[in-house]
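A structural walkthrough
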Amino acid sequence: MPRFAANLTMLFTEYPVLERYDRAAAAGFQAVEFFFPYDEDVQGIKSALERNGLTQILFNLPAGDWAKGERGIANDPRRVNEFRDGVRRALDIAALLGVTRINCLAGITLPDVPVEDQWATLRDNLAFAAEAAQEAGVRQLVEPINPYDIPGFFLNKPSRGFELLDEVGHPNLWLEYDIYHAQRTEGNLTATLREKIGRIAHIQIADSPGRNEPGTGEINYQYVFSELDKLGYDGWIGLEYRPSGSTEASLSWLRDWGYWS
């Protein structure tokens, strides 16, 4: 049976950040994730997790200036020191919150840097992050993101993500497989899962193409979840979608499809 986690950057946005933990627990979640903790009240988050009996399963490495459109710095050879400082900062917060997975966003393709230099920088930065995370008992992930949601994103499809894992060659580097992003680029969802499940450490979902809750688009999620069960996937599935109405109303599929009582 799939285990679902609420992405608190996407869900329960009707409420202040710390209240989202209370709302998630009240809705029935046992685990949560979000994009970034760096500008948040981390001690407040720790308290919110503890009072609700929630597990924080994932967040991202620092990704530059999000408000100005940056979506990662791991591919920028001019910002290697900044990236590696961010790894250390993320691992400190992960230790405080009990987080066992940290994801890397590669960044947007830089027009003034040769693509091969960006790829080499991303590869080397991920090798550093994977080693540092392994020493801390944390899994390091990297996520391909489709170029429709983030135009110009450097690591823009799952096949490239798996190539990157091969090149880095570190046992503590895994793919974060977002089924929505995968469908928007390459599709072939369950075949990819069957072939690559041993290299995937976290799954996220939204329906395609609208990025709303399951049941609003073209992906047969009941079939996908059944395949994940057959494959023995026992990790969390992060709900990283935009609710088509209120968050609570958007969760009805979990009960309608028999995943929650």
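Above this note sits the structure.
These remarks concern the structure in this document.

Calculation rules
Residue indices begin from 1 for each chain and proceed along its sequence in written order. This being a predicted model, a pLDDT of at least 70 is required before a residue's local features are given, and a value of 80 or more before pairs of side-chain atoms are given or counted; all residues contribute to the totals for chains, interfaces and linings. With hydrogens and water stripped out, all remaining heavy atoms of the structure feed into the side-chain values. Secondary structure counts use DSSP, requiring at least four H or I residues in a row for a helix and at least two E residues in a row for a strand, with both numbered from the N terminus. Values of the radius of gyration come from C-alpha atoms, whereas the globule rule sets the reference at 2.2 Å times the count of residues to the power 0.38. With a 1.4 Å probe rolled over the protein chains alone, any residue whose accessible area is under 20% of its type maximum counts as buried; one over 50% counts as exposed, and the rest are partly exposed. None of His or the chain ends enter the tally, which takes Lys and Arg as positive and Asp and Glu as negative. Lys charges are placed at NZ, Arg charges at CZ, Asp charges at CG and Glu charges at CD. What makes two strands pair is DSSP finding at least two bridges between them. Between N-to-C directions, angles cover 0 to 180 degrees, with each direction set by a line fitted to C-alpha atoms, over the stretch in contact for helices. Directions pointing from the helix axis toward each C-beta atom define the arc. Two residues qualify as a contact provided that any one of their heavy atoms is within 4.5 Å of a heavy atom in the partner residue. By definition in this entry, angles of less than 35 degrees are roughly parallel, angles greater than 145 are roughly antiparallel, angles of 65 to 115 are roughly perpendicular, and the rest are oblique. Should the near helix be turned anticlockwise from the far one by less than a right angle, the crossing is left-handed, and should it be turned clockwise, the crossing is right-handed. Whether two aromatic rings pair depends on their centres lying within 6.5 Å, for rings of Phe, Tyr and Trp, where Trp uses its six-membered ring; planes under 30 degrees apart make the pair stacked, over 60 edge-to-face, and the rest tilted. Two limits define a charge over a ring: the Lys NZ or Arg CZ must be within 6 Å of the ring centre, and within 35 degrees of the ring normal.

1. Observations concerning the overall build of the protein
Along its length, the protein carries 10 helices and 8 strands. In summary, the protein has a C-alpha radius of gyration of 18 Å against a globular reference of 18 Å for 261 residues, a match within 12%. Across its three principal directions, the C-alpha atoms of the protein cover 50 × 40 × 35 Å. Within the span of the protein, comprising 261 residues, buried residues form 54% of the whole. The average position of the 25 basic charges and that of the 38 acidic charges among the side chains of the protein differ by 1 Å.

2. Thoughts on the sheet that holds strand 2 (residues 31–33)
Strands sit in the order 1-2-3-4-5-6-7-8 around a closed barrel of 8 strands; the barrel is parallel. Across the sheet, the mean angle from the axis of one strand to that of its neighbour is 30°, orientation sign disregarded. The pairing of strand 6 (residues 173–178) with strand 7 (residues 200–205) spans 4 bridges and is parallel. Across the sheet, Asp178 pairs through a bridge with Gln204, a residue of strand 7.

3. Examining helix 1 (residues 17–27)
Taken together, the buried positions of helix 1 are Arg20, Tyr21, Ala24 and Ala27. The arc enclosing the buried residues of helix 1, seen along the axis, measures out at 135°, which places them on a common side. The inward-facing, buried residues of helix 1 abut strand 1 (3–7), strand 2, helix 2 (42–52), strand 3 (55–60) and helix 10 (252–256). Immediately downstream of helix 1, the backbone of Gly28 shows phi near 120°, a positive value.

4. Details of unusual backbone geometry
In the segment running from Ser208 into Pro209, the intervening peptide bond is cis, with an omega of 10°. Here Pro209 lies in the loop between strand 7 and helix 8 (221–231). Although it is not a glycine, Phe12 adopts a positive phi angle of roughly 60°. The class of Phe12 is buried, set by a relative accessible area of 0%. In the Ramachandran plot, Asn188 falls in the positive-phi region, its phi being about 55° despite a non-glycine side chain. The residue Asn188 is located in the loop between helix 6 (179–185) and helix 7 (189–196) in this model.

5. A look at the packing of helix 1 against helix 2
The interhelical angle for the contact between helix 1 and helix 2, taken along N-to-C directions, is 15°, at an axis separation of 9 Å. On the basis of their axis angle, the class for helix 1 and helix 2 is roughly parallel. Of the two elements, helix 1 crosses helix 2, and the hand of that crossing is right-handed. Contacts between helix 1 and helix 2 involve Leu18, Tyr21, Asp22 and Ala25 from the former and Gly44, Ile45, Ala48, Leu49, Arg51 and Asn52 from the latter.

6. A short note on the packing of aromatic side chains
Considering all chains together, one arrives at 18 aromatic pairs under this definition. Considering the side-chain rings of Phe4 and Trp253, the 5.4 Å spacing of their centres and the 85° angle between planes classify their relative orientation as edge-to-face. With Phe4 in strand 1 and Trp253 in helix 10, this residue pair connects regions lying 249 residues apart in the sequence. Each member of the pair Phe4 and Trp253 is classed as buried. Taken together, the aromatic side chains of Phe4, Tyr221, Phe225, Trp253, Trp257 and Tyr259 make up a single cluster linked through ring pairs. The ring of Trp174 has Arg139 lying over it, and the distance from NZ or CZ to the ring centre is 3.9 Å. Sitting over the ring of Trp119, Arg160 keeps its end group 4.0 Å from the ring centre.

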